[in-house]
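Per-entry structural report
What follows is each chain in one-letter form.
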Amino acid sequence: MSEAASTSEPTSTDPVLPGATIGILGSGQLGRMIAIAARRMGYRVHTLSPESDSPTGHVADREIVAAYDDVEAVKRFAADVDVITLEFENISAACVDAASPIAPVRPKGSVLHTTQNRLREKTFLADHGFPVAPFRHIKSRDELAAAVEEIGTPAVLKTAGFGYDGKGQVRIASVDDVDGAWTSMAGQDAVLEAFIDFDLELSVVAARGLAGDFAHYGAVENKHSNHILDVTTAPADVSGAVNVTAVNLTRKVFEALDVVGVACVEYFLDRGNNLIINEIAPRVHNSGHFTFDACVTSQFEQQVRAVCGLPLGSTDQPRPAAMANLLGDLWENGEPDWAAALAIPEVKLHLYGKQEARPGRKMGHLTAVADTREQAVERVVEGRRGLGAERLFLNTNDRTNALPKT
Ligand code: AMP
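None of the values given here were measured: they were computed from a predicted structure.

This part is about the packing of helix 2 (residues 29-40) against helix 11 (residues 299-307). Put simply, helix 2 and helix 11 touch, their axes get as near as 8 Å, and they point 70 degrees apart. Classified by the angle their axes make, helix 2 and helix 11 are roughly perpendicular. Viewed along their axes, helix 2 and helix 11 form a crossing whose handedness is right-handed. Of the residues in helix 11, those in contact with L30, M33, I34, A37, A38 and R40 of helix 2 are F300, E301, Q303 and V304. When grouped by side-chain class, the residues that make up the contact of helix 2 with helix 11 number seven nonpolar, one polar and two charged.

As C-alpha cells, this is what we get:
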C-alpha cells in the first residue's frame, strides 16, 4: 500500500454522529458484531465484500457485493457512507486508495500495509524496539539453511504474506527439515522465526481514538487448538506486572502505528516471564468477543466510538469471563443441540448466520461470566460439550502441530 494512501486521507476530527452511515469493508462475523453495535446506537451500516448473504449483510442496511479491488464499486460505496472501517485486514492498496479521498478510512491504509505482511510487521516492530522472536527474511532454500544455522532449532517458517491460503507455516525441528519446509512455501517469500517455548499465549484488545485517547481490556489468555483460537479467559492468570507490561507495550504499538479504532496485539509469555509480540490484528479480534457480554462497552461498540470520533466507553469488566469458539466441525452429525448449551443459564450463544458449516470454519461462540475465571471456562466448555463437542475440542495447545494459518 502506497504511503500516499495515508497522506491523502481526510483529517477531519469532526465526530460522525448517530444517524450517519458507517461503511464496513468485509462482511464476516466481526463486521456483523460491529454492525449490531452500530445499529443499536442509531447508525446506518453498509458493508462491501465479494460475498452475498453474509453475516454482516444480514444486519446491515445495505450489502454491496463487489471485489475489494473493484475501484468503481469501492468509490460508490465510499460516496454513500460517512466513515469507513474494516473487519478484514487484507484489503488491497487499490481499495483503500480509492476510498480514502472520499470518506475517511479508519484505521488508515498505512496500518494495514504494515500489518498485512509478517515480514513488514516484524521489521516494523523490531525497528521500533518492540520484543519479537529473532527472525530472518527468507527468499531461497540456501538462505533458509543459513538462517536455520544462525537462529537454531526448533524454528518456525511462515509465509511473509498473511493472505496466502493453505501454505501458512511449518515447524523446523532440525536441519533435515529445511528442504521440505522450503518446498512447502511454494516459492513465496518467507520469515524464519525462532520457536518460543511459551508458558502462555496472551492478547490485549484495545482502542485508540482520533485524539490519541486509549482504552484497553487488559491481558487475556488464549488457548489454541490446531492453530485456531479455542478458548479465551479474561482476565489472564498473570501477575499485575505482566499485565501492565502487556498493556503498555500495546499502547506503544498503537502509537507507533497511529491506529484509530480497535486492534489486538498477541503475545507469547515465555518461561522467563518475558513478553514477546507474535502478531498484530488491526481490527476487532476473536479474543475480544467476551467483551460483548462481560464489559460495560464491548470491543464492537468501542470500534464504532473510535472510528466515529466519539469518546471511548468504559472497558470495566465486573466479573471474570470466558469464550469458547464453535467451529463447523460441530455440525458433523447435524444441527448442534442449542437448547442443551442454553440449559446453563449463564451461557450466551452467538451464531454468525453462516449457511455452510465447514470443518475449522468459525460459526459462532459461547460466552459466560462467573465468580472465578475457572468457573467461567467450565461454563463455556460445559455448554459446548452439551452441543456434542467433547470429541472435537480437546483444548490442547498443540505447539508441535504445524498447520497452515487459518
Ligand atoms: P500465527 O499464525 O503466527 O499467529 O501462529 C499461530 C500459532 O502458532 C500461535 O498462536 C502459536 O501457538 C504458534 N506459533 C507461531 N509462531 C510461533 C513461535 N515463533 N514460537 C512458538 N509458537 C509459535
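Still more to cover.
This next bit is on the site of the ligand. Near the ligand you find 16 residues, and of these K158, E193, A194, I196 and E201 are the closest. One nitrogen or oxygen atom from the side chain of R118 is found 3.1 Å from an oxygen atom belonging to the ligand. Here a nitrogen atom of the ligand and a backbone polar atom of A194 are 2.9 Å apart. The fraction of the free accessible surface of the ligand (470 Å²) that becomes covered by protein chains is 95%. Those elements that provide at least two residues to the shell around the ligand are strand 6 (155-159), strand 8 (190-194), strand 9 (198-208) and strand 13 (275-281).

As assigned here, the chain comprises domain 1 (3-105), domain 2 (134-194) and domain 3 (198-386). On a C-alpha basis, the centres of domain 2 and domain 3 stand 29 Å from each other.

Right, let's get into the nonpolar core. I22, Y43, F290, V304 and C308 are the most contacted members of the largest nonpolar core, which totals 39 residues. Contributions of two or more residues to this core are made by strand 1 (21-25), helix 2, strand 9, strand 10 (214-225), strand 11 (228-234), strand 12 (261-270), helix 11 and strand 14 (321-327). Broken down by element, this core gets its largest block of residues, six residues, from helix 2. Residue-level mapping places this core at the junction of two domains, with at least three residues from each of domain 1 (3-105) and domain 3 (198-386). When near neighbours in sequence (up to four residues on either side) are disregarded, C308 contacts P15, V16, I22, Y43 and V83. L125, A160, F214 and L249 belong to the second largest nonpolar core, which has 31 residues in total.

Criteria and cut-off values
- Counting starts from 1 at the beginning of each chain's written sequence and moves along it residue by residue.
- The model is predicted, so local features are restricted to residues of pLDDT at least 70 and side-chain atom pairs to those at 80 or more, both for listing and for counting; the totals for chains, interfaces and linings are taken over all residues.
- Here the side-chain values reflect all heavy atoms present in the structure, with hydrogen atoms and water set aside.
- Helix axes are fitted only over the stretch in contact, all axes being lines through C-alpha atoms; the angle between N-to-C directions runs from 0 to 180 degrees.
- Each helix is a run of H or I in the DSSP string that is no shorter than four residues. Each strand is a run of E no shorter than two, and both are numbered from the N terminus.
- Reported orientations rely on four angle classes, namely roughly parallel under 35 degrees, roughly antiparallel over 145, roughly perpendicular from 65 to 115, and oblique for the rest.
- Crossing handedness follows the turn of the near helix against the far one: under a right angle anticlockwise gives a left-handed crossing, and clockwise gives a right-handed one.
- We call two residues contacting when some pair of their heavy atoms lies within 4.5 Å.
- Under the grouping applied here, Gly and all other residues not named as nonpolar or charged are polar, the nonpolar ones being Ala, Val, Leu, Ile, Met, Phe, Trp, Tyr, Cys and Pro and the charged ones Asp, Glu, Lys and Arg.
- The rule for a residue being near a molecule or strand is that one of its heavy atoms must lie within 4 Å of it.
- Here a polar contact is taken to be a pair of N or O atoms separated by no more than 3.5 Å, where protein atoms must pair a possible hydrogen donor with a possible acceptor and residues adjacent in sequence count only if both atoms sit in side chains.
- Surface accessibility in these figures is a Shrake-Rupley result with a 1.4 Å probe; residues are shielded only by whichever protein chains are displayed.
- Domain extents, as shown, originate in an automatic or database domain assignment.
- Residue types Ala, Val, Leu, Ile, Met, Phe, Trp, Tyr and Cys, when buried and joined through side-chain atoms within 4.5 Å, form a set referred to as a nonpolar core.
- Summary of the burial criterion: residues with accessible area below 20% of their type's maximum are buried, those above 50% are exposed, and those between are partly exposed, where the area comes from a 1.4 Å probe applied to protein chains only.

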